[in-house]
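Results of the structural survey
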Amino acid sequence: MREAQARPVVNIVGERVALSPLRRDLLETYQRWFNEFQTLCTPCDMPRPVTLEEQTAQYEAIASGSATRVGFQIYERATWEPIGTCALIDIDHRNGTAEFVIIIGEPTHRGRGFGTEATRLALDYAFTALGLHNVMLKVYEFNRAGIRAYQKAGFKEIGRRRGARRFAGRRWDVIYMDCVADEFTSPVLSEIFRPDSPRPDSQ
Ligand SMILES: CC(C)(COP(=O)(O)OP(=O)(O)OC[C@H]1O[C@@H](n2cnc3c(N)ncnc32)[C@H](O)[C@@H]1OP(=O)(O)O)[C@@H](O)C(=O)NCCC(=O)NCCS
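No experiment lies behind these values; they were computed from the predicted model shown.

Rules used in this analysis
- Residues numbered from 1 in each chain as written.
- Predicted model: local features only at pLDDT ≥ 70, side-chain atom pairs only at ≥ 80, totals over all residues.
- Heavy atoms only, no water.
- UniProt positions renumbered as here; feature names shortened; annotations may be inferred.
- Helix = DSSP H or I, 4+ residues; strand = E, 2+ residues; numbered from the N terminus.
- Near = heavy atom within 4 Å.
- Polar contact = N/O pair within 3.5 Å; in protein donor to acceptor, adjacent residues only side chain to side chain.
- Areas by Shrake-Rupley, 256 points an atom, 1.4 Å probe, with all protein chains shown as cover.
- Axes fitted to C-alpha atoms, helices over the stretch in contact; angles between N-to-C directions.
- Parallel < 35°, antiparallel > 145°, perpendicular 65-115°, else oblique.
- Left-handed = near helix turned anticlockwise from the far one by under 90°.
- Contact = heavy atoms within 4.5 Å.
- Nonpolar A, V, L, I, M, F, W, Y, C, P; charged D, E, K, R; others polar.
- Phe/Tyr/Trp six-rings, centres within 6.5 Å; stacked < 30°, edge-to-face > 60°.
- Buried < 20%, exposed > 50% of the residue type's maximum accessible area, 1.4 Å probe, protein only.
- Lys NZ or Arg CZ within 6 Å of the ring centre and 35° of its normal.
- Pairing = 2+ DSSP bridges.
- Salt bridge = Lys/Arg side-chain N within 4 Å of Asp/Glu carboxyl O.
- Right-handed = clockwise from strand over helix to strand, strands pointing away.

The feature "domain: N-acetyltransferase" (unreviewed entry), as given by UniProt, occupies residues 17-182 in the numbering adopted here. As a span, residues 17-182 carries 30% helix and 37% strand, and end to end its C-alpha atoms are 24 Å apart.

What follows is the structure in structure tokens.
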């Protein structure tokens, strides 16, 4: 059993997971996650070796602060163990849209509800903190855990690109899902992103 770790800097604390800034000292962990083909064959079209240099360049692109891309480290709250990452990409502030991506990098932490909650917290950030209107994602038809987790978090299927993914000897649909602010109930951030209440003695 891994030792519990000290509480890191966190942005959004849910019931069982928390979202926080990505960490330079975890670059080798990220590189390990993004080289495991078993993990990558569900989200990636073409898994391939990722060097530490490429991983570092991707990290730098987010770490320097981007208006169009926000990445989060996902922690399991009980242990503060880093278990994955998620991001809003292609953020379009004028139209209020973004795309969502996620991996739970530690296989031992999949199928335990962490992906669902991390997705919900990222949607909370998108809608409540950034004021976006619509977040979409793409998921392959064979990624049943992903589809289920996204549905539970609030995404709905909006269409399919039929047979556009070839995998394990056959063609599968690419499923498009989205979630809109009006249909989402903030689990955490509405308590934080709210105006001061007037004091009883103020006019
Ligand atoms: C996809 C992913 C983020 C989901 O996170 P997770 O923590 O594993 O998901 P959760 O445990 O919150 O939810 C998974 C749900 O799918 C269900 N599920 C898992 N395998 C399933 C299967 N083969 N068929 C049907 N449902 C399945 C689980 O039972 C659970 O639903 P339930 O809570 O109603 O029982 C994670 O598995 C992952 O990172 N996978 C590898 C990378 C990836 O695919 N990223 C997403 C690309 S779009």
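Alright, that's what it looks like, and here's the rest.
The full set close to the ligand counts 23 residues, and Thr42, Ile104, Gly113, Thr116 and Lys152 are the nearest of them. In this structure, an oxygen atom belonging to the ligand sits 2.7 Å away from a side-chain N or O atom of threonine 42. Within the backbone of glycine 113, one N or O atom sits 2.7 Å away from an oxygen atom of the ligand. Surface burial for the ligand is 72%, taken as the share of its 950 Å² of free accessible area covered by protein chains.

Next up on the list: the packing of helix H4 (residues 114-129) against helix H5 (residues 144-153). It is the contact of H4 with H5, at a shortest axis distance of 8 Å, that shows an interaxial angle of 45 degrees. Accordingly, the angle class assigned to the pair H4 and H5 is oblique. As for how H4 packs across H5, the hand of that crossing is right-handed. Within the contact between the two elements, H4 uses Thr116, Thr119, Arg120 and Leu123 and H5 uses Ala149, Tyr150, Lys152 and Ala153. Split into classes, the residues belonging to the contact of H4 with H5 amount to four nonpolar, two polar and two charged.

Inspection of every chain in the model, using the stated rule, returns ten aromatic pairs. Between phenylalanine 142 and phenylalanine 167, the ring centres sit 4.1 Å apart and the planes meet at 15 degrees, which makes this aromatic pair stacked. Of this pair, phenylalanine 142 sits in the loop between strand E6 (134-140) and H5 while phenylalanine 167 sits in strand E7 (residues 156-167), and the two are 25 residues apart along the sequence. Residue phenylalanine 142 is classed as buried on the basis of its relative accessible area, which comes to 13%. Between tyrosine 150 and phenylalanine 155, the aromatic rings sit 6.0 Å apart at their centres with planes inclined by 70 degrees, giving edge-to-face as the arrangement. A relative accessible area of 2% means that phenylalanine 155 is categorised as buried. A cation sits over an aromatic face here: arginine 165 above tyrosine 140, 4.7 Å from the ring centre. Its end group placed over the ring of tryptophan 172, arginine 170 keeps NZ or CZ at 3.6 Å from the ring centre.

With that settled, consider the pairing of strand E4 (residues 81-92). Successive side chains on a regular strand alternate, one facing one side of the sheet and the next facing the other. The element E4 is extensively covered by neighbouring structure, given that ten of its twelve residues are classed as buried. Pairing analysis gives seven bridges linking strand E3 (residues 70-76) to E4, with the strands arranged antiparallel. Each residue of the ladder has a partner; that of phenylalanine 72, found in E4, is cysteine 86. In this sheet, strand E5 (residues 97-104) lies alongside E4 in antiparallel orientation, the contact comprising seven bridges. In the sheet register, threonine 85 faces E5, and the bridge partner there is isoleucine 103. Between E4 and E5, which pair antiparallel one after the other, the connecting turn spans four residues, and glycine 96 there sits at a positive phi close to 75 degrees.

Scanning the entire structure with this criterion turns up ten salt bridges. Of the charged contacts, one joins arginine 32 and glutamate 106 as a salt bridge, the two residues approaching to 2.8 Å between their closest N and O atoms. Placement of arginine 32 in helix H1 (residues 27-33) and of glutamate 106 in the loop between E5 and H4 is noted, with a sequence separation of 74 residues between them. Overall, the relative accessible area of 5% leaves glutamate 106 in the buried class. Arginine 160 is the partner of glutamate 141 in a salt bridge, and the nearest nitrogen-oxygen pair spans 3.8 Å. Of the two residues, glutamate 141 sits in the loop between E6 and H5 while arginine 160 sits in strand E7, which places them 19 residues apart along the sequence.

With five of seven residues buried, E6 lies mostly within the body of the structure. With H4 bridging E5 and the parallel E6, this β-α-β connection has right-handed handedness. Both E6 and strand E8 (residues 170-180) contribute to a ladder of seven bridges, which runs antiparallel. In the sheet register, tyrosine 140 faces E8, and the bridge partner there is valine 174.

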